[in-house]
Amino acid sequence: MQRREFLAAAAAAAGIAAAVPARAQSSRIVFGYTAVTDFASVFVAAEEGFFKKRNLDVELKFIPLNSTIPAAVQADSLQIGGPTPSVFLQSVDGGLDHVVLAGGGVTSKSITGFGLVARAGSGIKTAQDCLGKKIGVPGLGAFLHVTFRGWLKNQGVDYRKVSFVEAAFPQHGDLLRGGTLDAVVSADPFMSRITDSGTGYVASYYSTFLPEGEPTIIYTAKREWAQKNAGAARAFQQAVQEAAAFMGKPANNPKVRAAIGKYIKLPPEVLAKMQISPPGPVVTDKQLAYWVDLMKDQDMLKGSPEPAKLIFK
């Protein structure tokens, strides 16, 4: 996406919420998230009081499409948001001066909570079967879209011969049921709901192609805001790190699941069997470099972002 498109989107995003003017050392933060477990560290920090004990007033705001988060951050509708690394890097490549404060979830080969879900009767079983099909993704240029295209290429399939349609997670089941889409790249709990209803089936848990420990969600802010509010930015980092440590203790699992359920509206029976992405609160230059390489391989970046300059320190 070009710079002018991002700036136009940022202007439009101003209507998402009342703009919050930048001011020195603000403790008021509106944080934007989408409906995935990769935000668990923020949910836990909110519910366990890790933000409050650092004098941070953090409001968690649901955003339907991940790809709109950078524009909302730019418009000050959000002070911090959780785009996927690919959405963040495209926004930077398009001219937005944003930085990474912390990380959410990371990849793991043991996670089968997302994948390619095909419509019942579609006949899709392999990557080759996706050619010429219409496939929904919860954000063009976001994590699932980029990694799925990477998997198709890894399987010898030209992803340019697949039609991708942006569709929010909650719409996936209805779009498959109505025949609008042949398949979706989805994630739990939406994936399980689709398969449990018989509307579709998992054609591939393609995530096993991804390396271990790469960030799936990163927490970002405008560089200007982070510099003017360095104390609040560092307090946010510390709260997320404390939440990640909390998540690492098995005894806290019920509280972690309850926090997730509160913010992405999941019933107890779904929460009980849902996989939770491992937390990765600290994002490194090397991790961002992986995403730069993956995106350049798909011709998604015109420039060459320098990871070291994109992390707030």
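Residues numbered from 1 in each chain as written. Predicted model: local features only at pLDDT ≥ 70, side-chain atom pairs only at ≥ 80, totals over all residues. Heavy atoms only, no water.

Trainee: How should helix α12 (residues 285–297) be read in this particular structure?
Mentor: One turn of the α-helix equals 3.6 residues, which is why residues spaced by three or four share an orientation. Counted at 1.5 Å a residue, the expected span for α12 with its 13 residues is 18 Å, and the 18 Å between its end C-alpha atoms agrees. Turning to α12, its buried residues are Gln287, Leu288, Trp291, Val292, Leu294 and Met295. All buried residues of α12 project into a common sector of 165° when viewed along the axis, lining one side. Turned more than 90 degrees from where α12 packs its buried face, Lys286 and Asp293 sit exposed. Buried positions along α12 lie against α4 (85–93), β4 (98–103), α5 (143–154) and β10 (218–222). Once α12 finishes, Asp299 follows within two positions and takes phi at roughly 55°, a positive value. (Helix = DSSP H or I, 4+ residues; strand = E, 2+ residues; numbered from the N terminus. Expected span 1.5 Å × (residues − 1). Buried < 20%, exposed > 50% of the residue type's maximum accessible area, 1.4 Å probe, protein only. Arc of directions from axis to C-beta. Contact = heavy atoms within 4.5 Å.)

Trainee: Is there a simple way to explain the packing of helix α2 (residues 40–47) against helix α10 (residues 253–264) in this structure?
Mentor: For any two helices packed against each other, one specifies the inter-axial angle together with the distance between the axes. Taken N-terminus to C-terminus, the directions of α2 and α10 make an angle of 100°; their axes are 9 Å apart at the nearest point. For the element pair α2 / α10, the angle class is roughly perpendicular. Seen from α2, the contacting residues are Ala40, Phe43, Val44, Ala46 and Glu47; seen from α10, they are Val256, Ala259, Ile260, Lys262, Tyr263 and Ile264. Considered class by class, the residues forming the contact of α2 with α10 number nine nonpolar, no polar and two charged. (Axes fitted to C-alpha atoms, helices over the stretch in contact; angles between N-to-C directions. Parallel < 35°, antiparallel > 145°, perpendicular 65-115°, else oblique. Nonpolar A, V, L, I, M, F, W, Y, C, P; charged D, E, K, R; others polar.)

Trainee: Whenever I open this one, the pairing of strand β7 (residues 163–166) confuses me. Can you help?
Mentor: The side chains of a regular strand alternate between the sheet's two faces. Where strand β6 (residues 134–137) and β7 come together, four bridges link them in parallel fashion. Bridge pairing in β7 links Ile135 to Phe164. Running through α5, the crossover from β6 to the neighbouring parallel element β7 is right-handed. (Pairing = 2+ DSSP bridges. Right-handed = clockwise from strand over helix to strand, strands pointing away.)

Trainee: What exactly am I supposed to notice about the environment of Met295 here?
Mentor: Mapped onto the secondary structure, Met295 falls in helix α12. What makes Met295 buried here is its relative accessible area of 0%. For the pair Met295 and Gly150, spaced 145 residues apart in sequence, the C-alpha separation works out to 8.9 Å. With sequence-adjacent residues up to four places away left out, Met295 is seen in contact with Ser86, Leu89, Gln90, Val146, Met300 and Leu301.

Trainee: How should I be thinking about the nonpolar core in this particular structure?
Mentor: Generally speaking, a soluble globular protein has its nonpolar side chains buried in company with each other. Grouped together as the largest cluster of nonpolar side chains are 87 residues, with contacts concentrated most on Phe31, Leu101, Phe148, Leu152, Tyr219 and Phe236. In terms of residue count, the dominant contributor to this core is helix α9 (residues 230–247) (nine residues). Leave out the neighbours within four places in its chain, and Phe31 touches Phe39, Val42, Val58, Glu59, Leu60, Lys61, Leu78, Ile80, Gly81, Gly82, Tyr219 and Phe236. (Core = buried A, V, L, I, M, F, W, Y, C linked by side-chain atoms within 4.5 Å.)

Trainee: Explain α5 here, please?
Mentor: Its 12 residues place the ends of α5 16 Å apart at the C-alpha level, agreeing with the 16 Å of an ideal helix rising 1.5 Å per residue. Most of α5 is tucked away: 10 of the 12 residues are buried. Listing the buried residues of α5 in full gives Phe143, Leu144, His145, Val146, Thr147, Phe148, Arg149, Gly150, Trp151 and Leu152. Immediately beyond the C-terminal end of α5, within one or two residues, lies Gly156, with a positive phi of roughly 85°.

Trainee: Looking at this structure, how should I read empty space enclosed by the protein?
Mentor: Inspection of every chain in the model, using the stated rule, returns two cavities of 30 Å³ or more. Considered as a void within the structure, the largest cavity measures approximately 330 Å³ in volume. Forming the boundary of the largest cavity are 24 residues, of which Val36, Asp38, Leu144, Phe169 and Ala187 lie nearest the centre. Along the lines of polarity and charge, the residues of the lining of the largest cavity split into 13 nonpolar, nine polar and two charged. Here the second largest cavity defines a volume of roughly 60 Å³. Around the second largest cavity sit Val106, Thr107, Ser108, Ile111, Phe114, Ser207, Leu210, Thr216 and Ser277, which together line it. Classifying every residue of the lining of the second largest cavity gives four nonpolar, five polar and no charged. (1 Å grid on protein atoms, 1.4 Å probe; cavity = no way out; pocket = protein on both sides within 12 Å on 5 of 7 lines; lining within 4 Å. Points joined across faces, edges and corners; volume = space filled by probe spheres on them.)

Trainee: Would you take a moment to explain the pattern of salt bridges for this structure?
Mentor: Side chains that differ in charge, positive against negative, can pair when their charged atoms come close. Enumeration over the complete set of coordinates arrives at 15 salt bridges. Notably, a salt bridge pairs Lys262 with Glu47, separated by 3.0 Å at the nearest N-O pair. A residue pair is termed long-range when its members are at least 10 positions apart, and Lys262 in helix α10 and Glu47 in helix α2 qualify at 215 residues. Measuring nitrogen to oxygen at the nearest pair gives 2.6 Å for the salt bridge that ties Asp174 to Arg177. (Salt bridge = Lys/Arg side-chain N within 4 Å of Asp/Glu carboxyl O.)

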